[in-house]
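Overview (structure and organization)
Residues per chain are reported as follows:
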2 protein chains.
Amino acid sequence: MTPELLTRMIKAGAGEVPADVVIKNVRLLDVITGAITHTDIAIVADRIVGTHGYYNGARLIEGDNRFAVPGFIDTHLHIESSLVTPYEFDRCVLPHGVTTVICDPHEIANVLGSDGIRYFLECAERTVMDIRVNLSSCVPATPFETSGARLEIADLLKFRDHPKVIGLAEMMNFPGVLAGDPGIIAKLVAFQGAHIDGHAPLLTDLALNGYLAAGIRTDHEATTATEAREKLAKGMAILIREGSVSKDLDALAEILDANTSAYVALCTDDRNPLDILEEGHLDSSIRRLIACGRTLHHVYRAASHSAARIFGLTDRGLVAPGYRADINLLGDLEHCQVADVITGGRLVTPDLFEARQPVPAVGLASMKAKPVKPATFIIPANPRQNETPVIEVRPGLILTYRASAVLEVSDRGTLPDLENDVIKIAVIERHGINGNIGRSFAKGFGLKRGAIASSVGHDSHNITVVGATDEDMAVAVNRLIELGGGFVVADGGKAIAELALPIAGLMSLLSFEAVAEKLHRLRDAAYGLGCTLPEPFLQVAFLALPVIPHLKMTDRGLFDVDRFDFVK
Amino acid sequence: MTPELLTRMIKAGAGEVPADVVIKNVRLLDVITGAITHTDIAIVADRIVGTHGYYNGARLIEGDNRFAVPGFIDTHLHIESSLVTPYEFDRCVLPHGVTTVICDPHEIANVLGSDGIRYFLECAERTVMDIRVNLSSCVPATPFETSGARLEIADLLKFRDHPKVIGLAEMMNFPGVLAGDPGIIAKLVAFQGAHIDGHAPLLTDLALNGYLAAGIRTDHEATTATEAREKLAKGMAILIREGSVSKDLDALAEILDANTSAYVALCTDDRNPLDILEEGHLDSSIRRLIACGRTLHHVYRAASHSAARIFGLTDRGLVAPGYRADINLLGDLEHCQVADVITGGRLVTPDLFEARQPVPAVGLASMKAKPVKPATFIIPANPRQNETPVIEVRPGLILTYRASAVLEVSDRGTLPDLENDVIKIAVIERHGINGNIGRSFAKGFGLKRGAIASSVGHDSHNITVVGATDEDMAVAVNRLIELGGGFVVADGGKAIAELALPIAGLMSLLSFEAVAEKLHRLRDAAYGLGCTLPEPFLQVAFLALPVIPHLKMTDRGLFDVDRFDFVK
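The rules behind these values
- Residues numbered from 1 in each chain as written.
- Chains lettered and ligands numbered in written order.
- Predicted model: local features only at pLDDT ≥ 70, side-chain atom pairs only at ≥ 80, totals over all residues.
- Heavy atoms only, no water.
- Helix = DSSP H or I, 4+ residues; strand = E, 2+ residues; numbered from the N terminus.
- Buried < 20%, exposed > 50% of the residue type's maximum accessible area, 1.4 Å probe, protein only.
- Contact = heavy atoms within 4.5 Å.
- Areas by Shrake-Rupley, 256 points an atom, 1.4 Å probe, with all protein chains shown as cover.
- Salt bridge = Lys/Arg side-chain N within 4 Å of Asp/Glu carboxyl O.
- Buried area = accessible area lost by both parts, 1.4 Å probe.
- Polar contact = N/O pair within 3.5 Å; in protein donor to acceptor, adjacent residues only side chain to side chain.
- Nonpolar A, V, L, I, M, F, W, Y, C, P; charged D, E, K, R; others polar.
- Pairing = 2+ DSSP bridges.
- Core = buried A, V, L, I, M, F, W, Y, C linked by side-chain atoms within 4.5 Å.
- Least-squares fit on C-alpha atoms with pLDDT ≥ 70 in both.
- Axes fitted to C-alpha atoms, helices over the stretch in contact; angles between N-to-C directions.
- Phe/Tyr/Trp six-rings, centres within 6.5 Å; stacked < 30°, edge-to-face > 60°.
- Lys NZ or Arg CZ within 6 Å of the ring centre and 35° of its normal.

Moving on, we get to the overall build of chain A. Summing up its helical and strand segments, chain A has 17 helices and 29 strands in all. By its C-alpha atoms, chain A is 90 × 50 × 45 Å across when sized along the principal axes. Each of the 568 residues in chain A was classed as buried or not, and the buried ones make up 65%. Expressed as a percentage of contacts within chain A between residues at least 6 apart in sequence, the contacts between residues at least 24 apart total 69%. Within the structure as shown, chain A displays about 18400 Å² of accessible surface, and the carbon and sulfur contribution to it stands at 53%.

Here's what the structure looks like:
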């Protein structure tokens, strides 16, 4: 900020010199009080300098009596879940009014470590939306699978003072916090006084107190109002999450009222491209909270000002003089139809995105698994028992259930039982570390033939493949390796649908629209194999996450989450 | 924070090891939701580690079913107005539940410059209460009087990163902001992104927008609800002030509701020792806001959590795990009777104050005026007019009025007119800079004899003296110089009551109680001279402040505030 610029801001605010941009003729919603005022909004550079009055400026934007609200802030998400680069995410989500996102590059960090965080920070310095980064606190997320990287405190400290960094990302290893794990304690100590993001599903009573005593202040994992109310009472801000997999909005809507609205914010966590395309982003959460009967200005306050305050972004969150010019113009408030977006004083138009300096893609050689053969998937007969454990998936849940089956054994080992919907599953370590392959059985997919493979596999992102035949499993995996990562559906000995995700095996080089189209084709191809899950790839992506009950598959073997140990 | 300590905090919070201190058996008020919960409060070191549960600890404090609320935060004050050192202020105000104060050492800085700020910071590092400092932005406050120091941006930058410093103190020179004064702009530029405290009485419309465009975010000068509501709507936090002179609480109480309570805080600005002794401090504001009908938890929220958030003190403001252990135990909530105070985990008892490391007093030779003679106060006949301008004071107002009188002239110049309550006033430069003496007449004091002198004279703190006779004015001033500053009442050629304020002519070396006793004697002595003002010293202290309408007296002469120029 130069003295000349600050002086011009002051004088333009006072009406003595023209502003750079004036949004004429809007109805400004005060998200604190709910008042609506007819006004112009004067902007100089990236800052609002005048409201509640009428202004002249070098450039006029006709507000047409639309509503003006502060830009929305997504307080917790993994951009990787959009399957596109931060640049494409920027281009497609900013028009939904999301002017700031606070991301945790947890997925790419599990593959690439510091290089992944650096990539996100470099993108964040160039996108039109303001991308802020919390530093991934739990890489690897668990010791029960093989990740591509480890991030210790020394790795995080290199990034702590970066201007785009807010603090430490979701501390999901709450058992480690409570046990006083030295590596975790070191990270918590280093971020005392800064923001430490929480992640504490179902944690309650004194265990929750212990977790909070570490200085953790937010939670996006509450799934019931009762859980959220205990957390609020203990000083946690609640980030109401509505992602593609985890959908907590309906259950949590009731906690948002006049008293709590400064303490509640919104987040998406993981939202896939098809949902963004079909439903929107935070705009969708806003309209649904309003539909749930929440008061208009409390909802918009949570989506903007409260989020900014909770995360220490003191420069934004209100449409008021002196605040960052992040403004959404809406045709109506109830349905949150975002018509125009102004961010950092700029009207969002396609040329803004075209003018961004490119950042080279990273992690293009991250798929280090060796090609496999059908025989790779042979599962020897279980000598100790007739009953074989089977992972059961249910539509829309990342929770799995423990089932079992009596399976036939041939010279190709234990066989799947397609009539009873028991297929094979394997997880193949792909970071070039140990070549582990875990193999087992799953049910609930409905597959009658073919195979589905994914290099998105939370949180270590090894290759997960499910299939009716060993041959198609091998085809799917080998094609996926050729693509440098992605999604593949194979049938009859060939790949019939695919999406390459060559950036760390997580993100596409294609446009958001092209990715969405390919996802439609992949989904249709999976349905063609008999798949009965509405979102097969989302569910495959969570089969390897050994912190979600009850039975999971990692590259190290079948994992019983309830016993917190591998099935022997 | 060591890893060992953080681990102990976590484990004590989880109930696995004993806490250091447990407050047993309290009713905890949730200042966000208003809920009241019966609980223990567990503390390790300076941090709350457990609430909403029952705990064991090395030391138990019996809560006796009293109410527990967060420690109060005074968001804007000048400790100098208490007339005692920060140490004595600490000892006497902390027991009122005020665990944090955010002070602006504006008065001492006008006398001693950087040395005054350094003294406050050194005290702040040793007091039991947490004293935070905003750096005085306007020294001198105006060019119309002679101050003892100037603070330019280079002087402030030396202190900006001190751990006790929050940001830039009240930017009272709003005309300078709006005019783009380069010295002021330099200060504002240097604190962009940090806290910049506001001070904008009656500023409205586009002029207010211009002021806010500079990044200023708080105001403690609103005197009507209408004024406060405009400021709130433009993103300013409102600090409801209730001082000894400026009393805005009754007018502003109505703005505090569920929507705004996160945005409203409390302050005292200037509160004299007698008011602290007789009425209390923020506890008094709290009970009066409740008496005005405000909702209990909104009032306590404004006094604690909202204040903390507004000023970026993210470690405090709630009684919840992970927060600083600043806790007040109250017999009841309605009357805010503070029974016990815990600050930084320590129960406040006299030994805490006794254990503080002393800080040497500063400014002990700041009274650099030369002794005066009665003839010093001779006012030559005004050759141009029969009518002589007279400053009229009214009880309880720092505003003055322009009156005039036809006065007799003798060989001792123009004479006072005691029958018509016209006495003399003089302001004597005392910083050793130019020896200026301004002389004029005042009415409204009721003095029939004697004189009253004060080295507290906002904002430059020259010597202000009013008197019925030149002889007693000289006696009062000379005794005040001998004392190194203070208050003196003279009568019949001798000083009859006095209080030495040798620290920069502003603060006593005595105990709070001794100061209060001497103030009583001084007030009685002034009444004995015929003085009809209830608070003569408060009113003398504001006679030299040339930014308050309408007619003021500085060392440079009689100043017409409405014309913003000296009376020729």
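All right, on to the pattern of salt bridges then. A complete count under the given rule lists 74 salt bridges over all chains for this structure. For Arg-324 of chain A, the salt bridge is made with Asp-326 of chain A, and the minimal N-O distance between the two is 2.9 Å. This pair shows no difference in class: Arg-324 of chain A is buried, exactly as Asp-326 of chain A is. One salt bridge in this structure joins Lys-568 of chain B and Asp-565 of chain B, with 3.7 Å as the shortest N-O distance. You can call Lys-568 of chain B exposed: its relative accessible area is 68%. Judged by relative accessible area, which is 29%, Asp-565 of chain B ranks as partly exposed. Each of Asp-130, Arg-132, Lys-164, Asp-315 and Arg-316 of chain A takes part in one network of salt bridges that share partners.

Attention now moves to the interface of chain A and chain B. The partner chain B presents 61 residues to the 61 residues of chain A that form the contact. A combined buried area of about 4700 Å² lies between chain A and chain B, and 56% of that area is made up of carbon and sulfur atoms. Viewed at the interface, chain B and chain A are joined by 0 salt bridges. For the pair chain A and chain B, the number of links is 28 residue pairs in polar contact (both at pLDDT 80 or more). Among the secondary structure elements, those contributing two or more residues to the side of chain A that touches chain B are helix 1 (3-13), strand 3 (47-53), helix 6 (174-179), helix 7 (182-190), helix 8 (205-213) and helix 13 (296-310) of chain A. A total of 7 residues in the side of chain A that touches chain B trace back to one element, the largest contributor, which is helix 1 of chain A. Looking at side-chain class alone, the side of chain A that touches chain B contains 29 nonpolar, 23 polar and 9 charged residues.

Looking now at the pairing of strand 9 (residues 165-171) of chain B. All names here are of chain B. In terms of burial, strand 9 is largely enclosed, as 7 of its 7 residues are buried. Both strand 8 (residues 130-135) and strand 9 contribute to a ladder of 3 bridges, which runs parallel. Residue Val-133 lies in a different strand from strand 9, and its bridge partner there is Val-165. Pairing of strand 9 with strand 10 (residues 195-198) involves 3 bridges; the strand directions are parallel.

Below, the discussion takes up the nonpolar core. Ranked by internal contacts, the top residues of the largest apolar core, which has 327 residues, are Leu-188, Tyr-211 and Tyr-300 of chain A together with Leu-188, Tyr-211 and Tyr-300 of chain B. Discounting residues that sit within four places of it in the chain, Leu-188 of chain A has contacts with Leu-168, Met-171, Val-177, Ile-196, Ala-214 and Ile-216 of chain A together with Leu-6 and Ile-10 of chain B.

Another point: helix 7 (residues 182-190) of chain B. Taken together, the buried positions of helix 7 of chain B are Ile-184, Ile-185, Lys-187, Leu-188 and Val-189 of chain B. Buried positions along helix 7 of chain B lie against helix 1 of chain A together with helix 5 (153-157), strand 9, helix 6 (174-179) and strand 10 of chain B.

The next point concerns the relation of the copies chain A and chain B. Superposing chain A onto chain B takes a rotation of 180° combined with a translation of 0.0 Å along the rotation axis, leaving an RMSD of 0.1 Å. Between the two chains, the operation in question is that of a two-fold axis. Considering only C-alpha atoms, the residue of chain A closest to the rotation axis is Ala-258 of chain A, which sits at 2.8 Å. Here 100% of the contact residues of chain A are again contact residues in chain B; the copies associate through an equivalent surface.

Now for the sheet that holds strand 17 (residues 387-393) of chain B. Residue and element names in this part refer to chain B. An order of 18-17-22-21-24-23-25-26 is seen for the 8 strands of this open sheet, with the pairing classed as mixed. The two strands at the open ends of the sheet, each matched to only one other strand, are strand 18 (400-406) and strand 26 (494-500). Sheet twist, expressed as the average angle between the axes of neighbouring strands with direction ignored, equals 25°. With respect to the sheet, helix 15 (residues 470-483) is in contact with strand 21 (422-428), strand 23 (451-454), strand 24 (463-467), strand 25 (486-491) and strand 26, its orientation differing from that of strand 25 by roughly 150°. Where helix 16 (residues 512-528) meets the sheet, its contacts fall on strand 23, strand 25 and strand 26, and the angle it forms with strand 26 comes to roughly 150°.

Further remarks concern helix 8 of chain A. If you check which residues of helix 8 of chain A are buried, you get Leu-208, Asn-209, Gly-210, Tyr-211, Leu-212 and Ala-213 of chain A. As for helix 8 of chain A, its buried residues are in contact with strand 9 (165-171), helix 6, strand 10 (195-198) and helix 9 (225-233) of chain A together with helix 1 (3-13) and strand 3 (47-53) of chain B. Trailing helix 8 of chain A by a residue or two, Gly-215 of chain A shows a phi angle of about 95°, which is positive.

Position of Thr-388 of chain B among the secondary structure elements: in strand 17. The residues touching Thr-388 of chain B, leaving out its near neighbours within four places in the chain, are Ala-403, Ser-404, Ala-405, Leu-407 and Phe-441 of chain B.

The next thing to look at is the sheet that holds strand 28 (residues 557-560) of chain A. Residue and element names in this part refer to chain A. Ordered in space as 27-28-29, the 3 strands form an open sheet in which the pairing is antiparallel. Either end of the sheet is taken by a strand with one partner, and the two such strands are strand 27 (551-554) and strand 29 (565-566). Across 2 bridges, strand 28 lies against strand 29 in antiparallel orientation. Paired with Asp-560 across the strands is Asp-565, a residue of strand 29.

Counted by the stated rule, this structure contains 16 aromatic pairs over all chains. Considering the side-chain rings of Tyr-119 of chain B and Phe-120 of chain B, the 5.9 Å spacing of their centres and the 80° angle between planes classify their relative orientation as edge-to-face. With relative accessibility at 3%, the residue Tyr-119 of chain B sits in the buried group. For Phe-120 of chain B, a relative accessible area of 1% translates into the label buried. By way of ring pairs, the aromatic residues Phe-144, Phe-559, Phe-564 and Phe-566 of chain A are connected into one cluster. Over the face of the ring belonging to Tyr-323 of chain A we find Arg-217 of chain B, whose NZ or CZ atom lies 3.7 Å from the ring centre.

A word on the pairing of strand 23 (residues 451-454) of chain A. All names here are of chain A. Covered by surrounding structure in strand 23 are Ala-451 and Ala-453 together with Ile-452 and Ser-454, the residues of both alternating faces. With 4 bridges connecting them, strand 23 and strand 24 (residues 463-467) associate as antiparallel partners. Bridged to Ala-451 within strand 24 is Gly-467. Here strand 23 pairs with strand 25 (residues 486-491) via 4 bridges, running antiparallel. When the sheet's bridge partners are listed, Ala-451 is paired in strand 25 with Ala-490.

Any functional reading would require information that these geometric values do not contain.
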